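# Breakdown of the fold
Now for the letters of each chain:
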Amino acid sequence: MKQKTLIALAVSAALLAATAAYAQQAKPGAISGDVVKVGVLTDMSGLYSDLGGQGSVEAAKMAVADFGGKVLGKNIEVIGADHQNKADVGAQKAREWFDQQGVDMITDALNSAVGIAVTKVAGEKKRILMDVGAASTRLTNEDCNPYTVHYAYDTYALANGTGNAIVKQGGKSWFFLTADYAFGHSLEADTANVVKAGGGTVAGAVRHPLNAADFSSFLLQAQASKAQIVGLANAGGDTINSIKAANEFGITKNQKLAGLLVFITDIHSLGLPTTQGMFLTDGWYWDLNDETRKFGRRYFDKMKKMPTMVQAGVYSSTLTYLKAVAAVGTDNADAVMAQLKKAKINDMFAKNGYVRADGRMIHDMYLMEVKKQSESKYPWDYYHVRATIPGEQAYQPLSLSRCPMITKK
Amino acid sequence: MNKQVIGYALLIVLGLLAPFFVYPVFLMKALCFALFACAFNLLIGYTGLLSFGHAAFLGGGGYMAGQAIKMWGFPTELGLLMGMFSGAVLGFVIGSLAIRRQGIYFAMITLALSQMLYFFCLQAKFTGGEDGLQAVPRGTLLGSISLADDLTLYYVVFAIFIAGFWMIHRTIHSPFGQVLKAIRENEPRAISLGYDVDRYKLLAFVISTALAGLAGATKTVMLGFETLTDVHWHMSGEVVLMTLLGGMGTVLGPVVGAFTVKALEDKLGDFGDLLAVTTGIEWFKTIGESVTIVTGLIFVVCVLAFRRGIVGELAALLKNKPH
Amino acid sequence: MEIFGVPLQAMLGQLLLGLVNGSFYAMLSLGLAVIFGLLNIINFSHGALYMMGAYGAYIGLTTFEMNYWVALVVAPLVVGAFGMVIERAMLQWLYKLDHLYGLLLTFGLTLMLEGLFRSFFGVSGQPYPVPDALRGATDVGFMVLPNYRAWVVLASLIVCFATWFVIERTKLGAYLRAATENPKLVQAFGINVPLMVMLTFGFGVALAAFAGVLAAPIIQVNPLMGSNLIIVVFAVVVIGGMGSIMGAILTGLGLGLIEGLTKVFYPEASSTVVFVIMIIVLLVRPAGLFGKEK
């Protein structure tokens, strides 16, 4: 028994050494390991699994299939793993993928703590991370690095986009329902800034704890403020339960809700009767145009759900990466990154999108208003597109960047 | 006695050679959790106190060490001590409150207090909320040896683990440890023998939390970040599982348990894929997505059928073997 | 009239909402206390069973077209029966051991149940509509109270006090209390104690499921809905002490009120106020407000 284990250990060690040596041999101008590997690091079973999860893996596979399954004559492989929303599991998986399995690019990496931890690994190993699912702006600010692209959205764009667009539509006075931790505070501050800049006023804010059991008390305070718009600076279950309570207490009759971080899965799970009339910003919607509809339907056939912005972003990021590899003729990370920052991104996800020096992918965002039940003609027909927010206006301007790569210059 | 020394020596040699065969980052992580579980075992296994809030000390130590090294510019070794110290302080505060009640209440109080610390860490500025405290530099050892290399760091982590393990071993086998066992077996009798039971319990609690803090600090240095996962009550449950699975009240049990649980967390997905490939049953692929379910199942099986844990059962087998 | 700058009307409104939350605390801590009284087990899975109650209502509605009122009866029965199976299959083997094993077993069960529901229903949760008869809101003078919330308070008070009455004032309750004190003696009198234990556990679980059905229209039905609640309820139990049925009910309601006030004056602390009170109680009266230290 012991001997067998020893042999097994020795063999795996030898294999390990061999792969390591092989990885080092790969020269620029070639494909390392004779295969291009895309790793989808996501949350398969936890809080965010509906946003990304198995759907993200499927989306990446669809991108590979659409690309033709091969790049520069080499096979493309997609592997997925569950980071369980633990930064240590995520970072270690990323290390192993880069060190031992020859993964060339990691995508999705949702959950901000995991995303930031993985971006550090990517920077250290000089491999590419295309983070789609994480919301934190830190990925392109304090924790930016030359090997990371932040692809689909961030809290700044959502807050800014929603605030700006709603003020323009006449929603001048705001009250915030804010999750009491850094994430909620920054959502609130970013939104409040644009509201004030646009000539609006902020009537007040109430801070609620994460995973609060009951929101009615906070909503009564929002109601008493008589503000036109109640901004929900929270996420996930907190947003869902605040929307439910807002309906129950009749707040939606006189005031409008603005979700600052709401995904289509949240709308789907709450149903239209509860959410109708609500404003929110999204980076992508399956029913925007023919191209998105085509992708949405194909995805639906596989997963029985419409894709979220994150899943669509994983598709697009994978495709963009493969195009870049094909363009430069190698999967060398430096060469591919240079190409990624040069080429325009045009696919069903983004039109004329581009990657900025800080790693931020700039693309248009959309202000949505949730349809009434009577206006919804088919399953997943949820949004009116009320405004298209040009990428330059949605995302944090480069001049405000706290990214060392930018500020040093 | 001689046998024991040889056994430990063999294990140390195994530990020294391990990074050449197994991925060192995984080993380091597992060692940190092993130290954490050993510290926890000092309470459950030798004092009979079930702390259901031990995540508070792992995470508390981790955050303090990270803060000290990253923001206050402490050298790495001082940062580690800082983590250990904050574990002890937290342990003193929480322990003083919790030992006012016994048994099941003790468990519930530690759980509630650690949940309070979770909310504190979530809201406090320096922890970075759900983004975590990131980019903690590994630094150097004694100002000269760079810890950036995984292998170098591994030996440092291994040394810390051995030191912690030795300390627990000493505690258990000292007269103090005997008193602790007496408390576990029969608290009223220990009181009637004139022991100030509460002081003994508190001291054991503080030793345990200090080591948990050290484990957290080491983990932060090793990974370069600390996140809310480590102060969440799931982590408190996880350390119970490690100890239970490995064997409560056995010296090596928690180590075995920690390695098993961490390997499971890491490799369950691959294992499921392997099963799916070999058996041709697609369903096995979903195992990787159900780490919590499998964890829960192990808990239930352990409690029902396997209460002595892996090491405990092995020891019982060896004892029963005719000589 | 104002109290510390908050209008009296708003204050009364917040207190009433606090009472709604307090009702849930009361029902859950009551179930825990009943189970602990007879089985000496702290049921960590109480939160998960509460979640199952809510899902029972949801599945009933979507699959069997069962309306709310039927679900209010059927879901607790089904979940209660599930609880009895658990008791027979697992818990009964632990009575002779340390209490801790009961906690650990139910902790494992919690992980399994939550994980199973999560993989089956996803994490975003499912909506459950407010029953037609209870839609709308009533102006109670100082606030507009949704009818459903009023119903929650009413229903939980009825259930809680009925439980108290049965245990403290009836013959059946007397057997139960006797079995808590001395199971062997009660068995000797010809009462089937294991059956009684099983039914008691089933009843405690059914209480949790009942609370779950009540909660379903208010909050999103979600696999994790019980997991954060359970820790607060533990703190409630520590504060009240598990010695008395009435104690568990009153502590639950009282803490709901205090939490409601905190949400007005210092909302940042509303998640921790229960724990702070727990610390104070531990310092002043370690056995809990209504507890008897053994």
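As the structure is a prediction and not an experimental result, all values here were calculated from the model.

Reading guide: rules and limits
- Residues numbered from 1 in each chain as written.
- Chains lettered and ligands numbered in written order.
- Predicted model: local features only at pLDDT ≥ 70, side-chain atom pairs only at ≥ 80, totals over all residues.
- Heavy atoms only, no water.
- Salt bridge = Lys/Arg side-chain N within 4 Å of Asp/Glu carboxyl O.
- Helix = DSSP H or I, 4+ residues; strand = E, 2+ residues; numbered from the N terminus.
- Buried < 20%, exposed > 50% of the residue type's maximum accessible area, 1.4 Å probe, protein only.
- Contact = heavy atoms within 4.5 Å.
- Axes fitted to C-alpha atoms, helices over the stretch in contact; angles between N-to-C directions.
- Parallel < 35°, antiparallel > 145°, perpendicular 65-115°, else oblique.
- Left-handed = near helix turned anticlockwise from the far one by under 90°.
- Patch = residues over 30% accessible without salt bridge, like charges linked within 9 Å, V, L, I, M, F, W, Y side chains within 5 Å.
- Areas by Shrake-Rupley, 256 points an atom, 1.4 Å probe, with all protein chains shown as cover.
- Pairing = 2+ DSSP bridges.
- pLDDT = per-residue confidence, 0-100.
- Buried area = accessible area lost by both parts, 1.4 Å probe.
- Nonpolar A, V, L, I, M, F, W, Y, C, P; charged D, E, K, R; others polar.
- Phe/Tyr/Trp six-rings, centres within 6.5 Å; stacked < 30°, edge-to-face > 60°.
- Disulfide = S-S within 2.5 Å.
- Polar contact = N/O pair within 3.5 Å; in protein donor to acceptor, adjacent residues only side chain to side chain.

Any two side chains of opposite charge can pair, on the condition that their charged atoms come close. Tallying each qualifying case throughout the model produces 35 salt bridges over all chains. Notably, a salt bridge pairs Asp-34 of chain A with Lys-74 of chain A, separated by 3.0 Å at the nearest N-O pair. Residue Asp-34 of chain A is found in the loop between α1 (2-25) and β1 (35-42), and its partner Lys-74 of chain A is found in strand β3 (residues 74-82); the two are separated by 40 residues along the sequence. Its salt-bridge partner being Glu-265 of chain B, residue Lys-29 of chain B comes within 3.8 Å of it at the nearest N-O pair. One end of the pair, Lys-29 of chain B, is in helix α2 (residues 24-44); the other, Glu-265 of chain B, is in helix α11 (residues 253-279), with 236 residues separating them in the sequence. The class for Lys-29 of chain B is buried, based on a relative accessible area of 1%. Under the relative-accessibility criterion, Glu-265 of chain B is labelled buried at 6%. Several salt bridges share partner residues, and in doing so they unite Lys-86 of chain A together with Lys-29, Glu-238, Lys-262 and Glu-265 of chain B into one network.

Moving on, we get to the side chain of Gln-115 of chain B. Along the polypeptide, Gln-115 of chain B turns up in helix α5 (residues 103-123). Not counting residues within four places of it along the chain, the set of residues in contact with Gln-115 of chain B comprises Trp-233 of chain B together with Ile-231 and Phe-275 of chain C.

Remark: helix α3 (residues 87-99) of chain A packs on α11 of chain B, axes separated minimally by 11 Å, with the N-to-C direction vectors making an angle of 55°. Considering the angle they form, α3 of chain A stands oblique to α11 of chain B. Here α3 of chain A and α11 of chain B pass one another in a crossing that is right-handed. Residues Val-89, Gln-92, Lys-93 and Glu-96 of chain A of α3 of chain A form the contact with α11 of chain B, whose own contacting residues are Glu-265, Asp-266, Lys-267 and Asp-270 of chain B.

Moving on, we come to a nonpolar patch on the surface. Nonpolar side chains collect at one region of the surface, where Ile-12, Val-13, Leu-16, Leu-17, Phe-20, Phe-21 and Val-22 of chain B lie side by side and expose about 560 Å² of accessible area between them. Note that Leu-17 of chain B resides in helix α1 (residues 2-17).

Another aspect to go through is the sheet that holds β3 of chain A. Residues and elements named next belong to chain A. Strand order in the open sheet formed by six strands is β2-β3-β1-β4-β5-β6, with mixed pairing between adjacent strands. The open sheet has two edge strands with one neighbour each: β2 (70-71) and β6 (148-150). Relative to strand β4 (residues 105-108), β1 runs parallel, the two being bridged by four bridges. Opposite Val-38, over in β4, you have Met-105 as the bridge partner. Contacts from helix α14 (residues 333-340) reach β5 (128-131) and β6 within the one sheet, and its direction differs from that of β5 by about 40°.

Residues and elements named next belong to chain A. Read from one edge of the open sheet, seven strands run β8-β7-β9-β10-β11-β14-β15, paired in mixed fashion. In the strand order of this sheet, the two ends are held by β8 (201-208) and β15 (383-389), each with one partner. Each strand axis lies, on average, 25° off the axis of its neighbour in the sheet, ignoring direction. In the sheet, strand β10 (residues 256-259) pairs with strand β11 (residues 279-282) via two bridges, with the strands oriented parallel. Across the sheet, Ala-258 pairs through a bridge with Phe-279, a residue of β11.

In this model, chain B carries an average pLDDT of 88, and 96% of its residues clear a pLDDT of 70 or more. Interface confidence in the predicted complex, given as ipTM, is 0.85; pTM for the same model is 0.87.

What follows is about the interface of chain B and chain A. Listed as interface residues are 31 residues of chain B and, on the opposing side, 35 residues of chain A. Summed over both sides, the interface of chain B with chain A buries roughly 2,900 Å², with 49% coming from carbon and sulfur. Counting across the interface, chain B meets chain A through four salt bridges. Here Lys-86 of chain A and Glu-265 of chain B are joined by a salt bridge, their closest N and O atoms 2.9 Å apart. Elements with a minimum of two residues in the side of chain B that touches chain A: α2, α5, α9 (197-223) and α11 of chain B. Across the side of chain B that touches chain A, the residue classes tally to 13 nonpolar, seven polar and eleven charged.

Another aspect to go through is the packing of aromatic side chains. For any pair of aromatic rings, geometry is given as the distance between the ring centres together with the angle between the planes. Residues and elements named next belong to chain B. With the rule as written, the count across this model stands at 41 aromatic pairs over all chains. Pairing Tyr-118 with Phe-119 gives two aromatic rings, centres 5.8 Å apart and planes at 70°, and the pair type is edge-to-face. An identical accessibility class is assigned to Tyr-118 and Phe-119; each is buried. Aromatic side chains Phe-176 and Tyr-200 sit 5.6 Å apart centroid to centroid with 20° between the ring planes, which places their arrangement in the stacked category. Of this pair, Phe-176 sits in helix α7 (residues 175-185) while Tyr-200 sits in helix α9, and the two are 24 residues apart along the sequence. For Phe-176, a relative accessible area of 16% translates into the label buried.

Our focus in this paragraph is the state of the cysteines. Taken as a whole and judged by the stated rule, the model has one disulfide over all chains. With its sulfur 2.0 Å from that of its partner, Cys-144 of chain A forms a disulfide with Cys-403 of chain A. For the disulfide bridge between Cys-144 of chain A and Cys-403 of chain A, the dihedral angle about the S-S bond is near 75°, and by the sign convention the bridge is right-handed. Placement of the pair is Cys-144 of chain A in the loop between β5 and β6 and Cys-403 of chain A in the loop between α15 (391-394) and α16 (404-407), with a sequence separation of 259 residues. Free cysteine: Cys-121 of chain B, not disulfide-bonded; nearest cysteine sulfur from Cys-32 of chain B at 18 Å. According to the relative accessible area criterion, Cys-121 of chain B is buried, its value standing at 4%.

The subject of this paragraph is the interface of chain C and chain B. In this assembly, 44 residues from chain C lie in contact with 34 residues from chain B. Buried surface at the junction of chain C and chain B, both sides included, amounts to about 3,700 Å², of which 80% is carbon and sulfur. Counting every contact that joins chain C to chain B gives zero salt bridges. On inspection of chain C and its partner chain B, the count reaches four residue pairs in polar contact (both at pLDDT 80 or more). Looking at the side of chain C that touches chain B, the elements with two or more residues in it are α4 (99-121), α9 (229-240) and α11 (273-284) of chain C. Here the element with the most residues in the side of chain C that touches chain B is α4 of chain C; it accounts for 15 residues. Residues belonging to the side of chain C that touches chain B are distributed by class as follows: 31 nonpolar, ten polar and three charged.

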